[in-house]
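Letter by letter, the chains look like this.
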Amino acid sequence: MALFSVSRYMGDEATAIDKNQKELTASEILEKIKSEAKQRKAERESKSKKAIENDNTTTNNKLSKEVSDVEDISSGSRKKKKKRRTENETTEVDETSSKKKKKKKHKSDENGEEMQQKTENAMDEEENLLDESAVDLKGKEEVDVGDDTDVMDGEKKFPVLGNFQQKVVQKVNRVLPDWLANPNVITADLKSTTLPVGKMTGLDPDLVVQLQENNISHFFPVQMQVIPMLLDTLSVGGMVGKAGYWPSDICVSAPTGSGKTLAFVLPIIQALKGRVHRQVCALVVLPVKDLAVQVFKVFQTYIKGSDLKVGLLTGQKAFKLEQQTLVRRSLRGYQSLVDIIIATPGRLVDHINQTPGFDLSGLRFLVIDEADKMMELVKQDWLVRVENAVYKSTRPQPEILTAQSCLKPRIPLQKLLFSATLSQNPENLQQLNLFLPKLFTSLVKPASSVCEDATGQSADTEENQGEFVGKYTTPQGLSEYFVECTAATKPLIILHYLHNLMFTNVLCFVNSVESAHRLYHLIRLMGGKEVREFSSGLQTNRRKRILKEFSKGQIDIIICTDAMARGMDIDNVKFVISYDQTHNIKTYIHRVGRTARAGKVGTAITLLQNKEFYHFKKMTREAGKSRIKEQKVSEESLEPIVPAFKKALEEVPQILKVSNLMTRVGLQRDSDTQGKAARES
């Protein structure tokens, strides 16, 4: 074998060697060939190692390049790139394999079968290394794709081009008429800002005496501003304007219990005391019967000692009886029997259309109490009917003041609007056809933050103009709370207040007559407390009797609907509880305004379910009220009354069934009789 290799290796060179080196023996030649073969073998091994190192370096560079490519590729094209890279790698591996095979073939021809075998082994190892590199590349790609998402998520946001900075958005003030934007602001503090009745400039001494006889010693802020202004327009007589000018209409928005009623009662009585001919000179329109009766009683109190007459038109009497109190027919025609009329809008329109001789052509004052509610009724055309009745005769309507119009004296029709929740919406106020109106509104901010003058008027109205729009004020002595509860625990909380905390003089408001009836029976069955229900379904005499008993302290709690919420002046109310939450901020203001009246203190509590919190907070915040605190009622405090409550709750359905049956057959019984009949059954 060795001789065969020597002869194959030498080939043509053997002849030259024989000629030039004849002296060399065969053994020496064999040793030389072996040494040269070893040297070539070492060279091939070193070249093979270098080739492997170069291939590894190339693979690493490709991996780095692929990683960078993956980082630049968007998430939508990663799969395509990955597939393309795999195909490229396969092609490169195939090309490398073919090159190595050619190289192997060339070397096997040159170096012999032994070196050929070693080269094939090296190529197998290199192919295995490439396969492992390809597998590593796949794993690296899968890891890099996941890591790429983190990199993308962790990238910084795009920088904003240019020198841009976020600016503070300035609040845009509402554009209002001047009389709305710059009102006369009245403080809500009824304790520190008062005026003795004897120091009111221009007020009739007889009225001062009557005020003192009724235990009124001081005027409140709203009276301190409105009464002098009205008296100033009457300085030259009640039936003409000052110096021939028409007086301005007046709008007053002040808290409940701040004395708005006396603010128009006293000037009207003083203006009409000197009248010669009896005619209807003042008309007071109110939305509900109970409130009309209340204002009627106030007028009756302060007209004592004069020959003024006041008429009441609410539908409590028969229509013919009311006609007889309004006008009388004589030989000279129809004569008015009243100077002042207190009426509800529906009944007033009926008399305008159906009562002969009912004349409003001499009307000097038109008072619209609870004006926000009355504006909702304007669509019923009651105001249009009244104005048509005023100007239907020779009395001209208001017009531009000229020299010609001043030749004849004219009776001005002055409109006076009063409400605790008077709308400052110009569109709504325009329906009332106001003449050069002036607005008096209560203060929304704390009194300590505003500088006031001697009359209680704010001095910084220009700074705060427009801030009061849509906001309402409650009495300063009122403490407001809300209680978180569920529908099932609501009656338990009411019973807890009555039996555990011993609440008395309580008004509890619900949203419907049915709810009032049910809660009334539940509290009555528990015993120990005097309870009544008050709603529009009761007869007038029954309602009067309930209010009278409550004022005397004979009733602990009245379950009532919103029929009692607006304008009612009820004595000795200490607590107002809203059993059912109202969705109207105006209704809420009037509910809580039944207590803390005329400078007294009171407490208002609203029971709220979890779903009602958001609307209640939003409603009160938009109205400028942020002082409502939460009151906690623990479950442990309710446990002692649970057994009696469950027993009473079982009896309520039977009582309601009997009550409904009596209603169907037309039996007229009060609630106490119905409850007794249910127990007997």
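Nothing here was measured: the structure is a model prediction, and the numbers come from that model.

**Regarding the overall build of the protein**
Here is step 1: Within the protein, the secondary structure is distributed over 23 helices and 19 strands.
Here is step 2: Going through the 681 residues of the protein one by one, you find that 44% of them count as buried.
Here is step 3: Of the contacts made within the protein by residues no fewer than 6 positions apart, 80% connect residues no fewer than 24 positions apart.
Here is step 4: As displayed, the protein offers around 38000 Å² of accessible surface, 51% of which is attributable to carbon and sulfur atoms.

**A few points about the nonpolar core**
Here is step 1: With 48 residues, the main nonpolar core has Phe-219, Phe-264, Ile-268, Phe-299 and Ile-342 as its most contacted residues.
Here is step 2: Ranked by the residues each element gives to this core, the list is headed by helix α9 (residues 260–272), at nine residues.
Here is step 3: Leu-360, Met-374, Trp-382 and Leu-432 belong to the second largest nonpolar core, which has 40 residues in total.

**Topic: the sheet that holds strand β13 (residues 478–484)**
Here is step 1: Across the sheet, which stays open at both edges, the seven strands sit in the order β15-β16-β14-β17-β18-β13-β19 with parallel pairing between neighbours. Only two strands of the sheet have a single partner each, and these edge strands are β15 (531–534) and β19 (629–630).
Here is step 2: When β13 meets strand β18 (residues 602–608), the two strands line up parallel, connected through seven bridges. Counterpart to Val-483 in the pairing with β18 is Leu-607.
Here is step 3: Packing of helix α20 (residues 613–622) onto the sheet brings it into contact with β13 and β18, and relative to β13 it is tilted by some 160 degrees.

**Re the environment of Val-185**
Here is step 1: Tracing the sequence through the fold places Val-185 in strand β1 (residues 184–186).
Here is step 2: For the pair formed by Val-185 and Gln-225, sequence separation is 40 residues and the distance between their alpha carbons is 9.6 Å.

**Notes on the pairing of β13**
Here is step 1: As judged from the two bridges shared by β13 and β19, these two strands associate in the parallel manner. Its bridge partner being in β19, Tyr-481 is matched across the sheet by Lys-629.

**Considerations on helix α19 (residues 585–592)**
Here is step 1: Counting buried positions along α19 gives eight out of eight residues, so the element sits mostly inside the fold.
Here is step 2: Buried within α19 we find Ile-585, Lys-586, Thr-587, Tyr-588, Ile-589, His-590, Arg-591 and Val-592.
Here is step 3: On the buried face of α19, the contacting elements are α13 (371–376), β13, β14 (506–509), β17 (575–578), β18 and α20.

**Description of the sheet that holds β1**
Here is step 1: Judged by pairing direction, the sheet is parallel, and its eight strands sit side by side in the order β1-β12-β4-β11-β10-β5-β9-β6 without closing on themselves. In the strand order of this sheet, the two ends are held by β1 and β6 (310–313), each with one partner. When the angles between neighbouring strand axes are averaged without regard to direction, this sheet yields 15 degrees.
Here is step 2: Both strand β4 (residues 250–253) and strand β11 (residues 414–419) contribute to a ladder of four bridges, which runs parallel. In the sheet register, Cys-251 faces β11, and the bridge partner there is Leu-417.
Here is step 3: Across the face of the sheet, helix α10 (residues 289–302) comes into contact with β5 (282–285), β6, β9 (340–343) and β10 (365–369) while running at roughly 175 degrees to β6.

**Considerations on the pattern of salt bridges**
Here is step 1: In this structure the tally under the stated criterion is 20 salt bridges.
Here is step 2: Residue Arg-278 is joined to Asp-339 by a salt bridge in which the shortest nitrogen-to-oxygen separation is 3.4 Å. Linking Arg-278 in the loop between α9 and β5 with Asp-339 in the loop between β8 (333–336) and β9, this pair joins segments that are 61 residues apart in sequence.
Here is step 3: Given a relative accessible area of 1%, Asp-339 falls into the buried group.
Here is step 4: Of the charged contacts in the structure, one is a salt bridge between Asp-569 and Arg-597, with a shortest N-O distance of 3.2 Å. Of this pair, Asp-569 sits in the loop between β16 (557–560) and β17 while Arg-597 sits in the loop between α19 and β18, and the two are 28 residues apart along the sequence.

**Some thoughts on the packing of aromatic side chains**
Here is step 1: For the structure shown, the criterion picks out eight aromatic pairs.
Here is step 2: Ring geometry for Phe-264 and Phe-299: centres 6.4 Å apart, planes at 45 degrees, overall tilted. Here Phe-264, found in helix α9, pairs with Phe-299, found in helix α10; they are 35 residues apart in sequence, far enough to count as distant.
Here is step 3: A residue is classified by how much of its surface remains accessible, and Phe-264, at 0% relative accessible area, is buried.

**With respect to the packing of α9 against α10**
Any two packed helices are characterised by the angle at which their axes cross and by the distance between the axes.
Here is step 1: One way to put it is that α9 packs onto α10 with a least axis distance of 10 Å and a crossing angle of 45 degrees. Accordingly, the angle class assigned to the pair α9 and α10 is oblique. Taken as a pair, α9 and α10 cross one another with a handedness that is right-handed. Between α9 and α10, the contacting residues are Thr-261, Leu-262, Phe-264, Val-265, Leu-266, Ile-268 and Ile-269 on the first element and Val-295, Val-298, Phe-299 and Tyr-302 on the second.
Here is step 2: When the residues that make up the contact of α9 with α10 are grouped by side-chain class, the tally is 10 nonpolar, one polar and no charged.

**Brief notes about helix α14 (residues 382–390)**
Here is step 1: Restricting attention to buried positions, one finds in α14 the residues Trp-382, Leu-383, Val-386, Glu-387, Ala-389 and Val-390. When α14 is viewed along its axis, its buried side chains cluster within an angular range of 160 degrees and face the same direction.

**Description of the side chain of Ser-248**
Here is step 1: The topology assignment puts Ser-248 in the loop between α8 (221–233) and β4.
Here is step 2: A polar side-chain atom of Ser-248 sits 3.0 Å from the main-chain carbonyl oxygen of Leu-436.
Here is step 3: Those residues within four positions of Ser-248 in sequence are excluded, and the remaining contacts are Gln-414, Phe-435, Leu-436 and Lys-438.

**Describing the pairing of β5**
Here is step 1: Residues Ala-282 and Val-284 point to one face of β5 and Leu-283 and Val-285 to the other, with burial holding for every one of them.
Here is step 2: As paired elements, β5 and β10 share four bridges and run parallel to each other. Residue pairing across strands places Ala-282 opposite Phe-365, the latter belonging to β10.

**A look at the side chain of Lys-415**
Here is step 1: Among the structural elements, Lys-415 can be located in strand β11.
Here is step 2: You can call Lys-415 buried: its relative accessible area is 4%.
Here is step 3: Beyond its immediate stretch of four places on either side in the chain, Lys-415 contacts Asp-249, Ile-250, Leu-366, Glu-387, Leu-432, Asn-433 and Leu-434.

**Looking at the environment of Thr-582**
Here is step 1: Looking at the secondary structure, you find Thr-582 in the loop between β17 and α19.
Here is step 2: Of note is the side chain of Thr-582, whose polar atom sits 3.2 Å from the backbone nitrogen of Asn-584.

**Some remarks on the confidence of the model for the protein**
Here is step 1: On average, residues of the protein score 78 in pLDDT, and 70% of them reach the 70 mark or higher.
Here is step 2: Considering only residues more than four positions removed or in separate chains, one finds that residues 1–23, a stretch of pLDDT under 50, has 10 contacts.
Here is step 3: Contacts for the low-pLDDT stretch residues 444–463, under 50 throughout, to residues beyond four places or in other chains number 33 contacts.

**Details of the packing of helix α16 (residues 490–500) against helix α17 (residues 513–526)**
Here is step 1: At a closest axis distance of 11 Å, the pairing of α16 and α17 adopts a crossing angle of 45 degrees. On the basis of the axis angle, α16 is oblique to α17. The chirality of how α16 crosses α17 is right-handed. The segment α16 lies against α17, with Pro-491, Ile-494, Leu-495, Leu-498 and His-499 engaging Leu-519, Leu-522, Ile-523 and Met-526.
Here is step 2: A breakdown of the residues in the contact of α16 with α17 according to their chemical character gives eight nonpolar, one polar and no charged.

Conventions adopted
Residues numbered from 1 in each chain as written. Predicted model: local features only at pLDDT ≥ 70, side-chain atom pairs only at ≥ 80, totals over all residues. Heavy atoms only, no water. Helix = DSSP H or I, 4+ residues; strand = E, 2+ residues; numbered from the N terminus. Buried < 20%, exposed > 50% of the residue type's maximum accessible area, 1.4 Å probe, protein only. Contact = heavy atoms within 4.5 Å. Areas by Shrake-Rupley, 256 points an atom, 1.4 Å probe, with all protein chains shown as cover. Core = buried A, V, L, I, M, F, W, Y, C linked by side-chain atoms within 4.5 Å. Pairing = 2+ DSSP bridges. Axes fitted to C-alpha atoms, helices over the stretch in contact; angles between N-to-C directions. Salt bridge = Lys/Arg side-chain N within 4 Å of Asp/Glu carboxyl O. Phe/Tyr/Trp six-rings, centres within 6.5 Å; stacked < 30°, edge-to-face > 60°. Parallel < 35°, antiparallel > 145°, perpendicular 65-115°, else oblique. Left-handed = near helix turned anticlockwise from the far one by under 90°. Nonpolar A, V, L, I, M, F, W, Y, C, P; charged D, E, K, R; others polar. Arc of directions from axis to C-beta. Polar contact = N/O pair within 3.5 Å; in protein donor to acceptor, adjacent residues only side chain to side chain. pLDDT = per-residue confidence, 0-100.

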